[in-house]
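# Structural characterization, general
Each chain, written out:
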Amino acid sequence: MRIEVPHAWPQDEAGALALQDELRPRADHVGPGPQSPRLIAGLDVAYAGSGGAADAVVAAVVVIDARTLAPVEQATAVGRASFPYVPGLFAFRELPVLIEALGRIRTTPDLLLCDGHGLAHPRRFGLACHLGVITGIATAGVAKTPFVGTYDPRDLAAVRGSYAPLTDGGETVGRALRTQDGVKPVYVSTGHRIDLDTACRHVLALAPKYRLPETTRLADRLSRDVPAS
């Protein structure tokens, strides 16, 4: 899969903030996105190190058949997180190696699901937004924990498929989505070229047995299985 990054990677916080401001208007949160995707890719990273700026990063991409949930292709890449550890700017630590891994697959997925956030971000431009704008592919974030925003637990029933709006500053930035009866929700937000209803529908379909969608589970496992050096 050929990917051309249309910008240089910033080396400091000021440059990263400016780039997010520049790219934010290009993210499409209306969609509607792919209604019946054939191939969906999950993307995740694992770190190996002490938490410093030069930690080794392993990126994994797993493409699955949306109908059978069977893996059809996978790829990995290993790099160094050279950007500083700054909340809200994790994309600049992870995206370079994620894009390298994504560039190693032969197929072009209809949808990308990141282990992270999109619109649910302090500046409304999380990793899922940035990745979607770069690739032009419909992208959403599926996170294990919220970053910004809150929801009322009373709005979230205990049954699979229930959801509650995730709001920040009076704006709906995503959803807390219950993928299995009685388990903690996942946090879904749009990245690019997809709406929230469609993103949540696909995430739920990808999680028939477990809390996490198969895309996230498989990419997480793969990223942890690859040696960082």
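Residues numbered from 1 in each chain as written. Predicted model: local features only at pLDDT ≥ 70, side-chain atom pairs only at ≥ 80, totals over all residues. Heavy atoms only, no water.

### Concerning the nonpolar core
Heads up, the condition is: In this description, a nonpolar core means a group of buried Ala, Val, Leu, Ile, Met, Phe, Trp, Tyr and Cys residues linked to one another through side-chain atoms lying within 4.5 Å. To sort residues, take the accessible area from a 1.4 Å probe on protein chains only and compare it with the maximum for the residue type: under 20% means buried, over 50% means exposed, and anything in between is partly exposed. Secondary structure follows DSSP: runs of H or I at least 4 residues long count as helices, runs of E at least 2 residues long count as strands, and numbering of each begins at the N terminus. Any two residues having at least one pair of non-hydrogen atoms within 4.5 Å are treated as being in contact.
Ranked by size, the top nonpolar core spans 28 residues in total, and within it Leu43, Val61, Leu102, Ile105, Leu112 and Leu131 carry the most contacts. Where this core is concerned, the elements lending two or more residues are β1 (39–48), β2 (56–65), β3 (71–80), α2 (91–102), β4 (111–114) and α3 (127–135). Tallying contributions element by element places α2 first for this core, with 7 residues. Setting aside its immediate chain neighbours within four residues, Ile105 contacts Met1, Val61, Val63, Glu73, Gln74 and Ala75. Formed by 23 residues, the second largest nonpolar core is a distinct cluster that contains Val142, Leu177, Leu206 and Ala219.

### Here's the deal with unusual backbone geometry
Here the amide bond leading from Gly31 into Pro32 is cis, since omega sits at 20°, within 30 degrees of zero. With respect to the helices and strands, Pro32 occurs in the loop between α1 (13–23) and β1. Phi angles above zero are rare outside glycine, and Leu69 is one such case at about 65°. With respect to the helices and strands, Leu69 occurs in the loop between β2 and β3.

### Regarding the packing of α2 against α3
Where we set the bar: To get an axis, fit a line to the C-alpha atoms, keeping to the stretch in contact for a helix; angles then go from 0 to 180 degrees between the N-to-C directions. In these notes the angle categories are as follows: under 35 degrees is roughly parallel, over 145 is roughly antiparallel, 65 to 115 is roughly perpendicular, and the rest is oblique. Crossing handedness follows the turn of the near helix against the far one: under a right angle anticlockwise gives a left-handed crossing, and clockwise gives a right-handed one.
In contact at an axis separation of 11 Å, α2 and α3 are set at 40° when each is read in the N-to-C sense. In terms of their interaxial angle, α2 and α3 are classed as oblique. Classified by chirality, the crossing of α3 by α2 is right-handed. Contact residues: α2 offers Ala91, Phe92, Glu94, Leu95, Leu98, Ile99 and Leu102, while α3 offers Leu127, His130, Leu131, Ile134 and Thr135.

### Overview of the pattern of salt bridges
Applied cut-off: Each reported salt bridge corresponds to a side-chain nitrogen of Lys or Arg within 4 Å of a carboxyl oxygen of Asp or Glu.
Under the counting rule described, the total for this entry stands at 13 salt bridges. Of the charged contacts in the structure, one is a salt bridge between Asp115 and Lys144, with a shortest N-O distance of 2.9 Å. In this pair, Asp115 sits in the loop between β4 and α3 while Lys144 sits in the loop between β5 (138–143) and β6 (163–168), placing the two residues 29 residues apart along the sequence. Taking relative accessible area as the criterion, Asp115 reaches 23% and is therefore assigned partly exposed. Relative accessible area serves as the criterion here: at 30%, Lys144 is assigned to the partly exposed category.

### Let's talk about the environment of Arg38
Within the secondary structure, Arg38 is located in the loop between α1 and β1. In the structure, Arg38 is positioned 26 residues away from Asp12 in sequence and 39 Å away in space, judged by C-alpha atoms. In contact with Arg38, not counting residues within four places along its chain, are Ile64, Asp65, Ala66, Arg67 and Asp110.

### Points about the side chain of Thr135
Note the cut-off: Nitrogen and oxygen atoms within 3.5 Å of one another constitute a polar contact, given that in protein one can donate a hydrogen and the other can accept it, and given that sequence-neighbouring residues count only through two side-chain atoms.
Considering the arrangement of structural elements, one finds Thr135 in helix α3. You can call Thr135 buried: its relative accessible area is 18%. Side-chain polar atoms of Thr135 contact the backbone oxygen of Leu131, separated by 3.0 Å.

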